[in-house]
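If you want the building blocks of each chain, they are given just below.
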Amino acid sequence: MSEQTKLQFAETGSAVKSGVKRIAIFGSTGSIGTQALDVIAAHPELFSVEVLTAHHNEELLIRQALKFMPNMVVIGDEKKYLKVKEALSPTPIKVFCGEKALEEVASMDCYDLMLAAIVGYAGLKPTVKAISNGKIVALANKETLVVAGDIVMKKAVEKRVPIIPVDSEHSAIFQCLIGETRNPIEKVILTASGGPFLGRKPNFLVNVKREHALQHPNWNMGAKITIDSATLMNKGLEMIEAKWLFNLKPEQIQVVIHPQSIIHSMVQFEDGSIKAQLGLPDMKLPIQYAISFPKRIRNEFPRYDFKKVHTLNFEEPDLKTFRNLALASEALQKGGNLPCIMNAANEIAVFAFLKNRIGFLEMTDVIEKTMQKVSFIAKPTLEEYFESDGEARTYAADLIQL
Ligand code: NAD
Ligand code: MG
């Protein structure tokens with residue numbers, strides 16, 4: 001069991017003394033952020049909202065701030081600052097703007113737990129600041145660990161900060177590990193729905209359009225992760241996320257397609273016993289668990305009924321068709337800055353696909369070429385990760401002529 005896992009189980013319960021956990025939601029206007037606010041609104045005796053941040057959606061940020069009355073808000077887009085400031089001027093809420101403000105606010109003392117729910121690489125720096133600041137991190141932003149997992153986890157252990165997973169698969173693994181701190185993991189089995197194009201072949205995928213790819217069969221999520229789910233890159237990112245969260249070797253991480261998304265993931269121990277965590281596909285549950293851990297809170301979320309869903313299916317992922325998963329496995333094996341390069345190229349490719357600038361299969365070509373082109377560094381510093389990200393973005397954007 002890793003140092004971080006011991007930390008997660010040992011310290012979170014006692015970290016908040018007052019009884020009311022003060023929450024900072026970074027990315028409050030997104031899919032995870034808004035669901036987290038629903039969870040919090042149902043339990044004012046357990047949680048208070050201290051920080052809300054948004055990138056562009058100032059209208060929603062203002063509504064959220066007026067409802068939850070946080071200590072402070074950050075609007076990423078500086079052009080929106082005055083509007084937010086004015087709308088909140090009758091309140092004591094402090095308003096900040098810009099990318100740097102995210103890091104500054106993450107370094108403040110007004111909260112106990114950061115819900116890291118910004119999408120993409122942009123979530124990395126504020127999360128690193130929260131860890132340096134000794135705050136508990138409930139991590140939805142998987143890209144943080146994909147880009148710089150070694151440095152982030154090392155810092156978390158050094159600062160004795162538990163990183164509690166929000167991603168449903170990692171939450172499932174985390175839940176399976178309770179009571180098992182002395183028992184080594186043989187392997188983890190990450191389940192994947194397969195996305196909207198499960199069973200499809202390249203001759204179909206070549207014509208897929210953004211509207212079609214944005215229709216996920218089981219989960220309602222932000223645009224970037226929905227496309228990542230359709231290409232299976234999401235599962236690739238999650239393999240790398242699992243490696244860092246649970247200190248696993250690449251060969252200990254297996255992906256299984258499970259179209260119903262009822263089993264959220266599994267852990268196999270050394271005696272061959274497999275533990276699984278099940279439930280309906282609803283992110284509110286892992287969000288609630290991450291912010292309330294080690295407690296489980298009663299709720300009214302719909303329950304899974306074994307009488308209604310009769311079949312749970314499992315199959316091998318098709319790595320020949322969904323080549324992003326193969327590229328992510330390669331990045332996982334080679335390590336260094338390769339996952340960071342892959343992530344940057346993927347963010348550019350997904351952005352271009354969402355803008356109808358490239359086709360579905362071209363996303364993989366962009367990622368593969370960028371991974372081949374940007375120089376490999378076996379043991380990068382944080383600065384070198386930032387540089388690799390920038391270099392990969394520039395190269396990928398040039399390929400697409402963005
Ligand atoms: P989303 O697009 O719905 O929301 C993203 C949030 O981040 C918004 O509040 C937006 O304002 C903010 N943001 C976007 N770009 C930013 C930038 N450059 N700087 C600062 N803030 C920025 O995304 P989401 O679906 O809520 O996903 C958030 C994270 O959680 C992702 O890393 C995703 O992989 C992970 N995750 C999401 C789900 C899900 O069900 N949505 C499940 C598991 C993991
Ligand atoms: Mg997931």
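Look a little higher up for the structure.
Residues numbered from 1 in each chain as written. Chains lettered and ligands numbered in written order. Predicted model: local features only at pLDDT ≥ 70, side-chain atom pairs only at ≥ 80, totals over all residues. Heavy atoms only, no water.

### A look at the overall build of the protein
Here's step 1: Scanning the protein from N- to C-terminus turns up 17 helices and 11 strands.
Here's step 2: Computed over the C-alpha atoms, the radius of gyration of the protein is 20 Å, within 12% of the 21 Å expected from 2.2 N^0.38 for a compact globule of 402 residues.
Here's step 3: A principal-axis box enclosing the C-alpha atoms of the protein has dimensions of 60 × 50 × 45 Å.
Here's step 4: Across the 402 residues in the protein, those meeting the buried criterion constitute 56%.
Here's step 5: Intrachain contacts of the protein at a sequence separation of at least 6 include 69% that bridge at least 24 residues.
Here's step 6: Of the charged side chains in the protein, 47 are positive and 46 negative, and the gap between their average positions amounts to 3 Å. (Helix = DSSP H or I, 4+ residues; strand = E, 2+ residues; numbered from the N terminus. Rg over C-alpha atoms; globule rule 2.2 N^0.38 Å. Buried < 20%, exposed > 50% of the residue type's maximum accessible area, 1.4 Å probe, protein only. Contact = heavy atoms within 4.5 Å. Lys, Arg positive; Asp, Glu negative; His and termini not counted. Charge placed at Lys NZ, Arg CZ, Asp CG, Glu CD.)

### Some points on the sheet that holds strand β4 (residues 94–97)
Here's step 1: Read from one edge to the other, the open sheet built from 7 strands follows the order β4-β3-β2-β1-β5-β6-β7, with strand pairing classed as parallel. Both edges of this open sheet fall to β4 and β7 (163–165), since each of them pairs with a single strand only. Averaged over all adjacent pairs, the angle separating strand axes in this sheet is 20 degrees, with direction ignored.
Here's step 2: In this sheet, β7 lies alongside strand β6 (residues 136–139) in parallel orientation, the contact comprising 3 bridges. Its bridge partner being in β7, Ala-138 is matched across the sheet by Ile-164.
Here's step 3: Its contacts with the sheet put helix α13 (residues 284–292) on β1 (21–26), β2 (47–54), β5 (113–116), β6 and β7, and the angle it makes with β1 is roughly 130 degrees. (Pairing = 2+ DSSP bridges. Axes fitted to C-alpha atoms, helices over the stretch in contact; angles between N-to-C directions.)

### Overview of the environment of Ser-31
Here's step 1: With respect to the element layout, Ser-31 can be found in helix α2 (residues 31–41).
Here's step 2: Spatially, the C-alpha atom of Ser-31 lies 14 Å from that of Lys-142, the residues being 111 residues apart in sequence.
Here's step 3: Not counting chain neighbours up to four residues away, the residues in contact with Ser-31 comprise Asn-220, Met-221 and Gly-222.

### What about the site of ligand 1?
Here's step 1: Taken together, 22 residues lie around ligand 1, and Thr-29, Ser-31, His-55, Glu-143 and Gly-222 are the ones closest in.
Here's step 2: Note that an oxygen atom of ligand 1 is positioned 3.3 Å from one of the backbone N or O atoms of Gly-27.
Here's step 3: Residue Thr-29 places a side-chain N or O atom 2.8 Å away from an oxygen atom belonging to ligand 1.
Here's step 4: In isolation ligand 1 has 820 Å² of accessible area, and contact with the protein removes 86% of it.
Here's step 5: Counted by class, the shell around ligand 1 contains 11 nonpolar, 8 polar and 3 charged residues. (Near = heavy atom within 4 Å. Polar contact = N/O pair within 3.5 Å; in protein donor to acceptor, adjacent residues only side chain to side chain. Areas by Shrake-Rupley, 256 points an atom, 1.4 Å probe, with all protein chains shown as cover. Nonpolar A, V, L, I, M, F, W, Y, C, P; charged D, E, K, R; others polar.)

### Examining the pattern of salt bridges
Pairs can form between side chains of opposite charge whenever their charged atoms are close.
Here's step 1: Counting across every chain of the model gives 25 salt bridges.
Here's step 2: Because the salt bridges share partners, they merge into one network encompassing Glu-58, Glu-59, Asp-77, Lys-79, Lys-80 and Lys-83. (Salt bridge = Lys/Arg side-chain N within 4 Å of Asp/Glu carboxyl O.)

### A short note on the pairing of β1
Sheet faces and side chains relate simply in a regular strand, where the side chains alternate between the two faces.
Here's step 1: Buried residues dominate β1, accounting for 5 of its 6 residues.
Here's step 2: Pairing analysis gives 6 bridges linking β1 to β2, with the strands arranged parallel. Paired with Ile-25 across the strands is Leu-52, a residue of β2.
Here's step 3: You can see the chain leave β1, run along α2 and come back into β2, and the turn it takes is right-handed. (Right-handed = clockwise from strand over helix to strand, strands pointing away.)

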